[in-house]
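Okay, here's what each chain looks like letter by letter:
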Amino acid sequence: MSERHEHPVQLRWSDTDVFGHVNHARVLGLLEDARLAMVDSTPGAGIILARLEIDYLHQVHYRIGEHLTVATTITRLGRSSIGMRQELTQDDRVVLRAEMVLVNFDYAADASTPLTDEQRAHWSRWLAG
């Protein structure tokens, strides 16, 4: 049985915009922080973001000291790519849902490369059943 990866994130007052809610660009940084917390630090692991689709479901509000949660699951393991879903939760409801594709990348060759067995084992911990 796989488990989703949950990562706590904290907002800053400076993350809000003129309308008083958290700016959409800052939310992207929260998702990135949660993804980076999952990355295998093995040299040569080279995972890059290739596609990102986001549904903003509700406004995100800044509250002093509040921690939000980004829950991440792996939706697909391909030959060289990883499908991922992330959900940001505030007030016990999903306020943002993102679907993305990450690609295993060889920077020297400037091309995608197949996932290794070790990488597959690493990411499969969070593979949705």
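Look up a bit, the structure's there.
Residues numbered from 1 in each chain as written. Predicted model: local features only at pLDDT ≥ 70, side-chain atom pairs only at ≥ 80, totals over all residues. Heavy atoms only, no water.

## Quick word on the pairing of strand β3 (residues 67–77)
So, step 1. Across six bridges, strand β1 (residues 5–10) lies against β3 in antiparallel orientation. Counterpart to Pro8 in the pairing with β3 is Thr69.
So, step 2. Direction of pairing for β3 relative to strand β4 (residues 81–90): antiparallel, over a ladder of eight bridges. Opposite Thr69, over in β4, you have Thr89 as the bridge partner. (Pairing = 2+ DSSP bridges. Helix = DSSP H or I, 4+ residues; strand = E, 2+ residues; numbered from the N terminus.)

## Side note on helix α2 (residues 117–124)
So, step 1. Taken together, the buried positions of α2 are Gln119, His122 and Trp123. Down the axis of α2, the buried side of the element spans an arc of 90 degrees, and every buried residue falls inside it.
So, step 2. Lining the buried residues of α2 we find β2 (47–56), β3, β4 and β5 (93–106). (Buried < 20%, exposed > 50% of the residue type's maximum accessible area, 1.4 Å probe, protein only. Arc of directions from axis to C-beta. Contact = heavy atoms within 4.5 Å.)

## As for the pattern of salt bridges
So, step 1. Applying the stated criterion across every chain, the model contains eight salt bridges.
So, step 2. Here Asp15 makes a salt bridge to Arg26, at a shortest N to O gap of 3.0 Å. Separated by 11 residues along the polypeptide, Asp15 in the loop between β1 and α1 (24–36) and Arg26 in helix α1 bring together distant segments of the chain.
So, step 3. Its relative accessible area of 3% is what places Asp15 among the buried residues.
So, step 4. For Arg51, the salt bridge goes to Glu53, with nearest N and O atoms at 3.1 Å.
So, step 5. The structure contains a network of salt bridges with shared partners spanning Arg12, Asp15 and Arg26. (Salt bridge = Lys/Arg side-chain N within 4 Å of Asp/Glu carboxyl O.)

Read these as spatial facts, not as claims about activity.
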